[in-house]
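Architecture at a glance
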Amino acid sequence: MDFSLLRNIISRYCVGEEIWVDSRTVYIGHKEPPPGAEAYIPQRYPDNRIVSSKYTFWNFIPKNLFEQFRRIANFYFLVIFLVQLIIDTPTSPVTSGLPLFFVITVTAIKQGYEDWLRHKADCSINECPVDVVQQGKVVRTQSHKLRVGDIVVVKEDETFPCDLILLSSSRSDGTCYVTTTSLDGESSHKTYYAIPDTMAFRTEQEVDSLHATIECEQPQPDLYKFVGRINIYKDKEEPVARPLGAENLLLRGATLKNTQHIYAVAVYTGMETKMALNYQSKSQKRSAVEKSMNAFLIVYLCILISKAVINTVLKYAWQWSPDRDEPWYNHRTEHERQRHVVIRAFTDFLAFMVLFNYIIPVSMYVTVEMQKFLGSYFISWDEEMFDEELGEGAQVNTSDLNEELGQVEYVFTDKTGTLTENNMEFIECCVDGNVYIPHAICNGQILSAASSIDMIDSSPGGYRREYEDLFFRALCLCHTVQVKEEETVDGIKRGIHQGRPTSFYISSSPDEVALVEGMKRLGYTYLRLKDNYMEILNKDDEIERFELLHVLNFDSVRRRMSVIVKSSSGKISSNTGLFIGCSSCSWLYGYLFCVLPGDYLLFCKGADSSIFPRVVSGKVEQVKARVEQNAVEGLRTLCVAYRRLSQSEYQEACHHLMEAKLALQDREQRLAQAYDIIERDFVLLGATAVEDRLQEKAADTIESLHKAGMKVWVLTGDKMETAAATCYASKLFRRTTQILELTKKRTEEQSLHDVLFELNRTVLRQRSISGLSVDCLDFGLIIDGATLSAVLKPNQEGAGHGNYREIFLEICRNCSAVLCCRMAPLQKAQIVKLIKASKEHPITLAIGDGANDVSMILEAHVGIGIMGKEGRQAARNSDYAIPKFKHLKKMLLVHGHYYYIRIAELVQYFFYKNVCFIFPQFLYQFFCGFSQQPLYDTAYLTLYNISFTSLPILLYSLVEQHVSMDTLKREPSLYRDIAKNSLLRWPVFLYWTCLGVFDAVVFFFGAYFLFDNTTFTSNGQMFGNWTFGTLIFTVLVFTVTLKLALDTHHWTWINHFVIWGSLLFYVIFSLLWGGIIWPFLNYQRMYYVFMQMLSSGPAWLSIILLITVSLLPDVIKKVLCRAMCPTATERAQSTRPCLTVEPSTIFMLSQSSSRMSF
């Protein structure tokens, strides 16, 4: 007996386990399908509640504590605290527990407050009112009560409450306009379409009468992909199936525009909406500084264990003698005598670990987090990185990588919209070998100088008028441009001409707007798309109508788009037909230009590489020559072709498209196959050229990056000639640069193996020559996507002389710049990953402005998005966002430089001051019989890292400027001084550690020898051990604070206040701590100790002398290094000293008259 069905039912309804399937069925209006149609299986879906918070009232404490103690440092200090509670340790548990409690509490409060704000935001969204159609009436309900299958009414300027399938709209053609700014940042109005069978519904009763089901894919986060179909039941007939795609899906978070209202059905709700699925955080990136810090912590942990082991061994060696085993002042109890020696040794080991554990500072983590968080505001506050046109400045999406901006070695940049403005200007079109050049037309704005049209007719012919008319019609019809006639759109007045509104064009692609406007200047005006008919105004002021049958959308793989239209109004050409013979050729060459009502036409435009292979006739060579010439000049080119379809060919094309669109599995692959079958046998019409101007100061920025030692790579999907021209214009390539080509064209002439080894020999030969010569030849490499795929293949056949990947990397290392053209988005990420994984492990930065750049932005160590015209996906997925490419210069050379030197000093200083703090404690054990006697008082142990020495280094790490901003921008080569994590290398780390050990030895033995001849106070009293420890601690606090003061180059009033205020606070605290009998203390061993020490002249002399001796070696080392082998930074400090006094950025509000450009 088969129990599988019963087991499935039990697991689904009793246990709550969902069975995962590839698709879901949505019953519109929760109506069951008619009998005999299909089985009605009610499915459970989540409600429409959005939950962005991490915690609830009940799980906040346990969950937050669990997350915090997953950090190794917090867990380590928790273990130390527990050890202090369990065994008899020399220090109070308060010394470890209080700092740990402070860190945990501050972090919990911060995270709790942030989560409370998320709860408030969730409630406001979930309780938002929504209109739902029930029983033929509109019912108002709350957003979180929506269910899959509900029919929703959305009005103009309202936000969609969940993911919806459009059923009908107030517009007669069943379309609606939507902005998706909150999803991808694109502010343009996108058009969405209702299903033809439901687009006529106008009332709630009509919509409620709909009997249909929707089959669609399970939720997935891709905003631009949706696969489904709707089955509409009409009486007892077979259900009508219609395909559903992304053009029918209205996403949660998008806003309805220029449409009074729509009716739509909910398909994804709550946390299954595409917006919610995109909440998932990006993979965590770790900076090189954080990795160095963790390595240093491991070293100090080893030092800590070594100290504990040494003291434990020496303690038992010292107590081996019977007379030292039990001193008269500390007899052991009977229980202690009976304990096993191993247990006693282990207990002592733990006690020493507790005594020395302060060498690992828990407060360092808090200080680093605060430094990163507060320091990130300097980028946002920087007025020089504010763009007036956009009305926005730089944004910081993550503060964890601030210092990584100062370590970049490779910059990977997109071309269009990043190096260029993505502001297209129509330059010319080539029709059948004839070139047409209108005056300046820039993104729909006709410049004042363009009062007439300048035609260059290189080879006029009798058929030229008909040929050019067909070309112009093709560009007027093959696009996705929208026509707007409103005087005001989103508060911006556009299209005003002589006091009355006129039409203007908007599109998600600036290229399309430039082309359609170019056709308008050449006599063909695209008017509108109305009732699925495209209307254009020809040169004779006659309106022509074409029925839009199918749109074969553009994608980055095909690199082309097509439309299938049907002529529907009169004879379009003045001639019934022409047959032209070309006397210069040995074969006949002709076209038919007569377009009659009912003719089916397929128009296609796209990259030359995707059009030319599909062309069967036309002046290919002439057009190709013009395209190549335009590409060399840096213009963006598109080729235009067409194909006349017979009735049977059109029916076959419809069959292929419908079959692919109705597929729920592999729809994209089937559509690609259908497009491939339809888009063939073209007649080439001509080509267009638009100019994408170089961004302001893009060339200066790239030149500065080169001087800073960074290698810049351009990764673009454009053709090689266009991209190369842009690289020359932006100074990526210079006229003296020797270009090495690794392209498909060359590998067709030679094998890939031979080309790679030839290029490798070239660069290696030049490198050996340049070692003997002053003049060094500059290399630039150009590679295309097809060749890159061959290079990156995991198993190359015939690669007997080595791996292609390694040879390619060796060539790239010796090139100052690399251009990768014809790149797919995935290949961009592969290039970045390849460089990241190379043996040098360089720090990489990727910058781009479009959705096709997101993959490389996420792959790079640092991702920067440009707030461009291709949407905000790049900016949303990046670590930092800037308005223009030129701002990258200051981002790296100034902010990155400052961030790195600040946090490097912070990390090294923290370890240094803790070595100074704990090493005297270690030395003290040799003089107290390894009895675990603490050298410092409990209050000093607790407050050293929290209060006495924390604020000066925090402020230093926020406002220090070792070189002025102007100097850093003027001399980019200073960036090389901090490259490759130079300030956190092992030699520098060892220097700081040795300096800390030296200072600790001076503190301890200086005080010890001064105490050797019994020191008396003025009243004859002798100093005790607590006075000895307080003297060392006083010297310690003053020395480490003054060391930071000596390292400070940029003094502000807040620096003075914090540094000298910290020292004053220590003195005042010590006077109060030892000058008052505190009732909450059982014993007060520090009573009057500090005052007694200050009353002694020798103590004052000791403090001054020991501080001077401790600071002297570091001062001498710096003076000698500056005199004998100064770095570029030290030379810049000498020539332009920046010891200036100006208001701190943090306290700008208190000094409103003084402003810093941070």
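Thresholds applied
- Residues numbered from 1 in each chain as written.
- Predicted model: local features only at pLDDT ≥ 70, side-chain atom pairs only at ≥ 80, totals over all residues.
- Heavy atoms only, no water.
- UniProt positions renumbered as here; feature names shortened; annotations may be inferred.
- Helix = DSSP H or I, 4+ residues; strand = E, 2+ residues; numbered from the N terminus.
- Polar contact = N/O pair within 3.5 Å; in protein donor to acceptor, adjacent residues only side chain to side chain.
- Axes fitted to C-alpha atoms, helices over the stretch in contact; angles between N-to-C directions.
- Parallel < 35°, antiparallel > 145°, perpendicular 65-115°, else oblique.
- Contact = heavy atoms within 4.5 Å.
- Nonpolar A, V, L, I, M, F, W, Y, C, P; charged D, E, K, R; others polar.
- Core = buried A, V, L, I, M, F, W, Y, C linked by side-chain atoms within 4.5 Å.
- Buried < 20%, exposed > 50% of the residue type's maximum accessible area, 1.4 Å probe, protein only.
- Pairing = 2+ DSSP bridges.
- Expected span 1.5 Å × (residues − 1).
- Bend = angle between axes of the 7 residues up to and from the residue.

An unreviewed UniProt entry annotates the protein chain as Phospholipid-transporting ATPase of Maylandia zebra. Regarding the protein chain, the UniProt comment filed under Sequence similarities (unreviewed entry) reads as follows: "Belongs to the cation transport ATPase (P-type) (TC 3.A.3) family. Type IV subfamily." Heading Cofactor (unreviewed entry) of the UniProt record for the protein chain holds this comment: "Mg(2+)".

1. Some details on the side chain of H895
Within the secondary structure layout, H895 lies in helix α29 (residues 887–924). One polar contact links H895 to D382, side chain to side chain, over a distance of 2.7 Å.

2. Quick notes on the packing of helix α34 (residues 1025–1047) against helix α35 (residues 1053–1075)
Look at α34 against α35: their axes get within 10 Å of each other, and the N-to-C directions meet at 170°. Here α35 runs roughly antiparallel to α34, going by the angle between their axes. Two secondary-structure elements touch here, α34 through T1030, F1033, T1034, V1037, F1038, T1041, L1042 and A1045 and α35 through I1059, W1060, L1063, Y1066 and V1067. Here the residues of the contact of α34 with α35 are counted per class, giving ten nonpolar, three polar and no charged.

3. Quick notes on the nonpolar core
With 95 residues, the main nonpolar core has V907, F917, Y936, Y940, F1033 and L1036 as its most contacted residues. At 18 residues, the largest contribution of residues to this core is made by α29. Once you skip the residues sitting within four places of it in the chain, V907 turns out to touch V289, M293, F296, M364 and L984.

4. A closer look at the sheet that holds strand β2 (residues 129–134)
Consider a sheet: its strands pair through backbone hydrogen bonds, and that pairing is either parallel or antiparallel. Reading across the sheet, the six strands line up as β3-β2-β4-β13-β5-β11 and stay open at both edges, with antiparallel pairing between neighbours. Every other strand in the sheet has two partners, leaving β3 (137–142) and β11 (249–250) as the edge strands with one partner each. Of the strand pairs in this sheet, strand β5 (residues 163–169) and β11 are connected by two bridges, and their pairing is antiparallel. What sits directly across from L164, in β11, is L250.

5. A few points about the sheet that holds strand β1 (residues 23–27)
The four strands are arranged β1-β8-β9-β10 in an open sheet whose pairing can be described as antiparallel. Looking along the sheet, the strands with just one partner apiece sit at the ends: β1 and β10 (240–244). The mean angle between the axes of side-by-side strands here comes to 20°, regardless of whether they run parallel or antiparallel. Where strand β8 (residues 212–217) lies against strand β9 (residues 228–232), five bridges are found, and the strand directions are antiparallel.

6. Observations concerning the side chain of N48
Tracing the chain through its elements places N48 in the loop between β1 and α2 (60–68). You can call N48 buried: its relative accessible area is 0%. Looking at N48, its side chain comes within polar contact range of the side chain of R252, at 3.0 Å. In terms of polar contacts, N48 uses its side chain to reach the backbone amide nitrogen of G270, at 2.8 Å. Excluding anything up to four places from it in sequence, N48 contacts N126, S143, H144, L146, P161, C162, R252, T269 and G270.

7. A few points about α35
Between its first and last C-alpha atoms α35 spans 32 Å; for 23 residues at 1.5 Å apiece the expected length is 33 Å, and the two agree. The sharpest bend along α35 comes to roughly 25°, located at G1061. Taken residue by residue, α35 has I1054, N1055, V1058, I1059, S1062, L1063, Y1066, F1069, S1070, W1073 and G1074 as its buried positions. Looking at the buried side of α35, the elements it contacts are α30 (938–948), α31 (950–959), α34 and α36 (1089–1094).

8. Considerations on unusual backbone geometry
For D541, which is not glycine, the phi dihedral falls at a positive 60°. Locating D541 in the fold gives a position in the loop between β28 (533–537) and β29 (543–552). Not every positive phi belongs to a glycine, and D681 is a case in point at roughly 55°. Tracing the backbone shows D681 in the loop between α19 (667–678) and β34 (682–694).

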